[in-house]
Amino acid sequence: MRLVFQTGALLGQRFEGDLAITIGRDPSNDIVIPDNSVSLVHCRLYVDGDRVMVSDLGSTNGTLLNGHRVINADVKDGDILIVGQNKVRVQLPALPPAVPPKGTAITGPVPPLDTILRDDFMIRPTDGDKHPAGELSGNIFGAVTYYLKRKIADGGMGSVYEADQFGAEGFIKKVAIKTILPTYVQKDSFVTSFINEAKVVANLVHQNIVQIHHLGRHEDGYYIAMEYIDGINLTKFMVLHGKLKRFVPAEIATFLVSRICRGLEYAHNKRDDEGNLLGLVHRDVSPNNIMITREGEVKLTDFGVAKAAQFMEIDDGYLVGSVEYMSPEQAACKKVDSRSDIYSLGLVFYELLTGVRIFQCENNDIDATVAKVIESKIPSLQEYRKNVSRGIEDIVMKCLQKLPEDRYETAGELGFALEHEIYSKGYGPTIVTLAGYLNELGKAVLESGL
């Protein structure tokens, strides 16, 4: 196929491709348009059998085909694409005429030549995206409106808000909106990674992972609309125990960690539509990113920004993340895999059981903290809590081995070990148990006047 630019930054230029062409502002595209009206990754043209298709890739300003906004549509020779403020003419080689299978009887009026045969019915490009019988097919466009009600938290990348999502006829759904600071929006490498990772994790649907609903753009920034969690994070959970001067019950801590294991197991094993392993690693498993709902569900959040966070730099050159919960290989800026998440979860488990953050960052000294993560030996749990069973301590210490090959091989293997520890002797904690405990904890804090 050939693309001829008739207006815009690439006026007069021609590009040719065979099977697939991506268009956008980011240098990773096949055709790069230096125009802010074009999204970083805007649209894709590709060959599907004997058809040429165009797919919008979530662009801000949309992709227009012959004046109509499309998400996925057939393209024919001479069609006009509008990408941002750039007009592009598509030139396709002549295709042999479609011939019905031998012996097929043709009845009724002969369709015009510009009719496209698709599956069991015919669609004309000028008919839009309606099934001939009146059923909907293809593109549906509607505005999604969010109203920010209150700020929930500030973080290193931006802020999180409670918001209402509005739909037709009074439909309202409570969601959380995570915004991205303008500082990072100016970094193309960060934004590209953030967008790509958000697209991938949008299809992570698991009871122990916070669901991402929508990636949007507002003015100069980006935001993610995600599942709203009515509850608290693990940091607040541990703070409440500290105020009451009590340990988290060992079986409650073990149950919490086992649920995060199952979420990680699902994500680590996630494959794309072709069956290829995605190789997802969270990279920021920490108390701030683990939520407990009032119903006792345990959920891991921020999968959508974990990989992008690796592009966030501070003045001393280190990559920003929760350095207090990094694995030694991550702190050393080496390649990481799923066993890095297991190490981070081990640090969370240790802190849940003892109330001690092993790699506490003192005076915001990132250098010293990173050095401790890489070099320091993990003290025995018994130094801080005597009544922890040997089985639980063995599990924690195996997670916290310096070398990845000495840890649990997978999150599923770790999850099985944890569940065996709490259920092998009979009845163990459930989400109902955790919900009841969370309620009792809240009452105890209120009654104490803390």
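Residues numbered from 1 in each chain as written. Predicted model: local features only at pLDDT ≥ 70, side-chain atom pairs only at ≥ 80, totals over all residues. Heavy atoms only, no water.

Moving on to the overall build of the protein chain. Within the protein chain one finds 11 helices and 21 strands. Here the protein chain holds 450 residues, and 46% of them are scored as buried. For the protein chain, restricting intrachain contacts to residue pairs at least 6 apart in sequence, the fraction spanning at least 24 positions comes to 55%. Looking at the protein chain as shown, the accessible area adds up to about 23600 Å², and 52% of this sits on carbon and sulfur atoms. (Helix = DSSP H or I, 4+ residues; strand = E, 2+ residues; numbered from the N terminus. Buried < 20%, exposed > 50% of the residue type's maximum accessible area, 1.4 Å probe, protein only. Contact = heavy atoms within 4.5 Å. Areas by Shrake-Rupley, 256 points an atom, 1.4 Å probe, with all protein chains shown as cover.)

The next subject is the packing of helix H4 (residues 250-268) against helix H7 (residues 338-354). The contact between H4 and H7 brings their axes to 10 Å, and the two run at 165°. The angle between H4 and H7 falls in the class roughly antiparallel. Crossing geometry of H4 relative to H7 is assigned as right-handed. Facing H4, whose interface residues are Ala250, Ala253, Thr254, Leu256, Val257, Ile260, Cys261, Leu264 and His268, H7 presents Ser338, Asp341, Leu345, Phe349, Leu352 and Leu353. Taken together, the residues of the contact of H4 with H7 break down into 11 nonpolar, three polar and one charged. (Axes fitted to C-alpha atoms, helices over the stretch in contact; angles between N-to-C directions. Parallel < 35°, antiparallel > 145°, perpendicular 65-115°, else oblique. Left-handed = near helix turned anticlockwise from the far one by under 90°. Nonpolar A, V, L, I, M, F, W, Y, C, P; charged D, E, K, R; others polar.)

Turning to the sheet that holds strand E1 (residues 2-5), a few remarks are in order. Taken together, six strands build an open sheet; the order of strands is E2-E1-E11-E10-E7-E8 and the sheet is antiparallel. Sheet topology places strand E2 (14-16) and strand E8 (68-70) at the edges, where each strand pairs with a single neighbour. Neighbouring strand axes in the sheet, compared pairwise and without regard to direction, differ in orientation by 30° on average. Where strand E7 (residues 63-65) lies against E8, three bridges are found, and the strand directions are antiparallel. The residue of E8 that forms the bridge with leucine 65 is histidine 68. (Pairing = 2+ DSSP bridges.)

Its place among the elements puts asparagine 72 in strand E9 (residues 72-75). With 15 residues separating them in the primary sequence, asparagine 72 and leucine 57 have C-alpha atoms 9.4 Å apart. A polar contact is formed between the side chain of asparagine 72 and the side chain of serine 55, at a distance of 2.4 Å. (Polar contact = N/O pair within 3.5 Å; in protein donor to acceptor, adjacent residues only side chain to side chain.)

Compared with an ideal rise of 1.5 Å per residue, which puts 13 residues at 18 Å, helix H10 (residues 411-423) spans 18 Å between its outermost C-alpha atoms and is within 8% of the ideal. Listed in full, the buried residues belonging to H10 are Ala411, Gly412, Leu414, Gly415, Ala417, Leu418, Glu419 and Ile422. Among the structural elements, H4, H7 and helix H9 (390-399) are those in contact with the buried residues of H10. (Expected span 1.5 Å × (residues − 1).)

This part is about the sheet that holds E9. Spatially, the five strands line up as an open sheet ordered E4-E3-E5-E6-E9, and their pairing is mixed. Strands at the two margins of the open sheet, each flanked by one partner only, are strand E4 (31-32) and E9. Pairing geometry for strand E6 (residues 51-56) and E9, over four bridges, is antiparallel. Looking at E9, one finds that serine 55 is bridged to asparagine 72.

Judged by nonpolar contacts, the single largest core of 73 residues is most densely connected at Phe237, Leu345 and Leu352. For phenylalanine 237, the residues in contact, after removing those within four places along its chain, are Ile232, Val248, Ile252, Leu256, Ile292, Leu352, Tyr437, Leu438 and Leu441. Counting 22 residues, the second-largest nonpolar core is a separate cluster that includes Met1, Ile31, Ile33 and Leu65. (Core = buried A, V, L, I, M, F, W, Y, C linked by side-chain atoms within 4.5 Å.)

No statement about biological role is implied by the geometric values presented.
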